Amino acid sequence: RDSVVFTDQWFGTTSPSNELQTMTSGVWAYTPVMKAVNTDGTAAPVQNAYGYLRAPWNTNNAPYVARFNRTFEFETDVFPMCSDYIDVLNYDTWLEFGQNIANGAHGPIHGMIGGAWKANFSGWESAEKSMGATQAKLLVYLAVASYPQFWRDGIISCPDSCDDSTPISECQCSCATVPADDDVATDVASPLLQESGVFERLARHDTKQRLIERKIDDLTGAVSYSWVGVDELSQADTTDWFFRIVCEVAQTGDMLGSSSPVDPIFWSVHPTVDRLWQWKRLSADCSYNYTWPSGTSIYGTCSGHDEYDMLPYYGLNTHDTNRVFTNKGIYDFLDPVETTSPYVYDDFNWDHCLQDNTDVRNFCTGDSYDGSEGDSADSTGSEGGESQGPTDDTTSDSSGVSDDEHQGGESNVGVPTAKAFLGMA
């Protein structure tokens, strides 16, 4: 936070001290957040209650890019490390790579810059008294990252619209049912989170089962979930506290949510993801299965996430500016091995890792990393299936379709897990 990167000459402060939580000096002072309207002037289908281009669960009414360098009272103390790059490069399928790239490799930056706040928020204090500071802090991070799941499953409801003069205190999202202090948690929270699929979606993200463990009964096939590291007697209470904290929905900085591209620093953070992705695809020693299974979104059946769902952007193909791409189409178009990609990164050195005697490039599928400084793996020992390479599918269904064939689809963002609960929601 004291880096030159966060000075007025660069990207501005991460901790504005004004009511709007926005930068008031420097190159990016008062960077506006647009109202969510279509080109014909009609309201966009997804917006926050004040009409801004923000997630519905973020009732922030500030007209400028907002930042808050804490998640309530907690300051982010986890940052992307070279070991996180290595972890994501070790996945040998596009499905796993795509689901986990939002985690430790860059997710904590979103939390560090975006943050979350709410006047008179006290949920974590009660949880801290019950289960201790460490567990309460973890639940707070997880709760903020879980707003999208709770909203999509109808557990959280938000106002459709609020007049610009309406104070935030009167324009809040909430849960219809919240367990009281003396309620038995399993009577309210656990069944709802299981039946709605919230637990399942959290488990899909937490592939290494650092927080949520999925259990399948050998005889009945019934699926249940439990908190990792929490004893049996405290499982229900932990679920109850988690549910309550989520339902005390907060405002978040733009970098923490689906509006993150409005913050100028987004555009310097996300090439980290893209660069790792290119290295994965260029590395001939790393086995990589390109299959894009259907229905693999963490949100279940959710338009916009599957292979042939459309991306509503024109002009990506300079040779045919009237065409739009499917997810698979843009995936194939940007393959750095192919001549269609308009760019390839200048180098893949990760100099800051090399300075610590860790060469990220020497890790690939099947290798292990114990986190020790200077550790390096031999990529020739990779396991996993033989690389299938990108499919050569250049039909209109894959690479793009013309304007009159364009099919609409809701745009959604992923939700980080484990270390990346500090990331965007």
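Reference entry: report on the structure contained in this document. These numbers come from a predicted model, not from an experiment.

The rules behind these values
- Residues numbered from 1 in each chain as written.
- Predicted model: local features only at pLDDT ≥ 70, side-chain atom pairs only at ≥ 80, totals over all residues.
- Heavy atoms only, no water.
- Disulfide = S-S within 2.5 Å.
- Helix = DSSP H or I, 4+ residues; strand = E, 2+ residues; numbered from the N terminus.
- Buried < 20%, exposed > 50% of the residue type's maximum accessible area, 1.4 Å probe, protein only.
- Pairing = 2+ DSSP bridges.
- Salt bridge = Lys/Arg side-chain N within 4 Å of Asp/Glu carboxyl O.
- Contact = heavy atoms within 4.5 Å.
- 1 Å grid on protein atoms, 1.4 Å probe; cavity = no way out; pocket = protein on both sides within 12 Å on 5 of 7 lines; lining within 4 Å.
- Points joined across faces, edges and corners; volume = space filled by probe spheres on them.
- Nonpolar A, V, L, I, M, F, W, Y, C, P; charged D, E, K, R; others polar.

**What about the state of the cysteines?**
Counted by the stated rule, this structure contains four disulfides. Disulfide pairing places Cys82 opposite Cys353 at an S-S distance of 2.0 Å. Handedness of the Cys82-Cys353 disulfide follows from its S-S torsion of about -100 degrees: it is left-handed. Taken together, the residues Cys82 in helix H1 (residues 82-89) and Cys353 in helix H13 (residues 351-354) connect sequence positions 271 residues apart. A single burial state applies to Cys82 and to Cys353, both of which are buried. Numbered in order of appearance, the disulfide-bonded cysteines of the protein are paired 1-8, 2-5, 3-4, 6-7.

**A closer look at the pairing of strand E7 (residues 223-227)**
Note: strand E6 (residues 212-216) against E7, five bridges, orientation antiparallel. Looking across to E7, one finds that Arg214 is bridged to Tyr225. Counting the residues in the hairpin turn of E6 and E7 gives six residues, including Gly221, whose phi is positive at 75 degrees.

**Re the pattern of salt bridges**
Pairs can form between side chains of opposite charge once their charged atoms are near each other. The tally for this structure, following the rule as stated, stands at 10 salt bridges. Between Arg54 and Asp254 there is a salt bridge whose closest N-O contact spans 2.7 Å. Taken together, the positions of Arg54 in the segment before strand E1 (70-71) and Asp254 in the loop between strand E8 (251-252) and helix H10 (266-269) put the pair 200 residues apart, joining distant regions of the chain. There is no split in this pair, since Arg54 and Asp254 are both buried.

**Observations concerning the environment of Cys158**
Mapped onto the fold, Cys158 is located in the loop between strand E4 (156-157) and strand E5 (174-175). Between the alpha carbons of Cys158 and Cys175 there is a distance of 8.9 Å; along the sequence they are 17 residues apart. When near neighbours in sequence (up to four residues on either side) are disregarded, Cys158 contacts Pro56, Trp57, Trp151 and Cys173.

**Topic: empty space enclosed by the protein**
All chains considered together, the criterion is met by one cavity of 30 Å³ or more. Lining the largest cavity we find 12 residues, and of these Ala55, Trp57, Asn58, Thr252 and Gly257 sit closest to its centre. Among the residues forming the lining of the largest cavity, the class breakdown is six nonpolar, five polar and one charged.

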